[in-house]
Amino acid sequence: MSLLEVIALTAEDARAAQDGGADRIEVAADMAADGLTPDPDVVESIRKATSLPMRVMLRAKAGFRTTGFELDRLRRAAAGLAEAGADGFVFGFLDPSGHVDTAATGKLAADIAPLPWTFHRAVDHAAVPGQAWDAVRHLGGGLDTVLTAGSARGVDAGVDVLVRRAAAGPEAAGMIMAGGGLRRKHVAVLAAAGVTAFHVGTAVRPDGAWDAPVDPALVSEWRSLVSAATG
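Residues numbered from 1 in each chain as written. Predicted model: local features only at pLDDT ≥ 70, side-chain atom pairs only at ≥ 80, totals over all residues. Heavy atoms only, no water.

Enquirer: Could you clarify how one ought to interpret the side chain of glutamate 26 in this entry?
Expert: Within the element layout of this structure, glutamate 26 appears in strand β2 (residues 24-27). With no salt bridge to any partner, buried glutamate 26 finds its closest opposite charge in arginine 24, at an N-O distance of 7.5 Å. Among residues more than four places away in sequence, those in contact with glutamate 26 are Glu5, Val6, Ile7, Ala8, Arg55, Met57, Val90, Leu147 and His199. (Helix = DSSP H or I, 4+ residues; strand = E, 2+ residues; numbered from the N terminus. Buried < 20%, exposed > 50% of the residue type's maximum accessible area, 1.4 Å probe, protein only. Lys, Arg positive; Asp, Glu negative; His and termini not counted. Salt bridge = Lys/Arg side-chain N within 4 Å of Asp/Glu carboxyl O. Contact = heavy atoms within 4.5 Å.)

Enquirer: So what exactly am I meant to see when it comes to the environment of arginine 47 here?
Expert: Position of arginine 47 among the secondary structure elements: in helix α2 (residues 40-49). Take arginine 47: its relative accessible area is 22%, and that puts it in the partly exposed class. Taking the C-alpha atoms as reference points, arginine 47 and aspartate 207, 160 residues apart in sequence, are found 27 Å from one another. Other than its neighbours up to four places away in sequence, arginine 47 contacts Leu52, Met54, Ala84, Gly85 and Asp87. In terms of polar contacts, arginine 47 uses its side chain to reach the backbone carbonyl oxygen of leucine 52, at 2.6 Å. (Polar contact = N/O pair within 3.5 Å; in protein donor to acceptor, adjacent residues only side chain to side chain.)

Enquirer: Would you mind going over the pattern of salt bridges with me for this structure?
Expert: It is possible for side chains of opposite charge to pair when their charged atoms get near one another. Per the stated rule, a full pass over the model turns up 13 salt bridges. Its salt-bridge partner being arginine 55, residue aspartate 144 comes within 2.7 Å of it at the nearest N-O pair. Taken together, the positions of aspartate 144 in strand β6 (residues 143-148) and arginine 55 in strand β3 (residues 54-57) put the pair 89 residues apart, joining distant regions of the chain. For the salt bridge of glutamate 221 with arginine 184, the shortest nitrogen-to-oxygen distance reads 2.8 Å. Taken together, the positions of glutamate 221 in helix α9 (residues 216-230) and arginine 184 in helix α8 (residues 184-192) put the pair 37 residues apart, joining distant regions of the chain. Take glutamate 221: its relative accessible area is 38%, and that puts it in the partly exposed class. A single salt-bridge network, built from bridges that share partners, covers Asp72, Arg75 and Asp111.

Rendered as C-alpha cells:
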C-alpha cells in the first residue's frame, strides 16, 4: 500500500490535497525555515477542511538542535495541536555533536503517545547519517516513518543511499518516506527498491513556489505516478 503525503500550509492547501488524491498531509508554518510549528488556529481550520490524516510539525526554530526550554514549549504545544485536530506529529532532534538526540526526541514521543509520528529530515543532516539512520529506526514509541532524502542536499544526491537502505529489507524500506527535493524521475527507482511512501511540497505547487497554493491537478498526477510505480 502506497502513501502520498502533501505539505499543507492552509485549509485551501488541505482541500486541494484531498481533491487530488493525497493520502495524508503534513501541516507546517514558515517554509523559509524548512517548516516550523503552526498555530493551533491554522490546524483547527485545516481539520475542518479535510478528513485526511494530518501530521503536524513540532519544531521551534530552523536547524535540528533544541533546548530544554524549547522542548517544554513543544511538549505543551503538542497537547493543544492534538485538541485542534492533529492525529500525528513530525519531529526529531540532533545533539550538539550532530548525533540523534534520543533523549529529547524520546520525551516528545512519550508525551504524544499513543499518536504516531514521523522523524523528519534531521537524519539527513547528522554528523554520521548512516549511524543516525540506524539510531532512528530503533527509537520506537509510535515512530512509523522517517522523512529522508538520503542526503542533506536532497533526493537527487541521496537516491542511491535510499535504495541501499531499502535493500536491507521490508522493515527498513517501510520506514522510509522519500522527500526533500523529490522529483518524478525518482519515484520508479525508489519504488523498485521497496519504498512506498513519498512526500511532496513545492512539487505540487505552480512554478514550485511556496507562496502558490497546492494544485489538485498536480497532486493527482503524483498520485497516479506513485500508484503506478508501487502497483
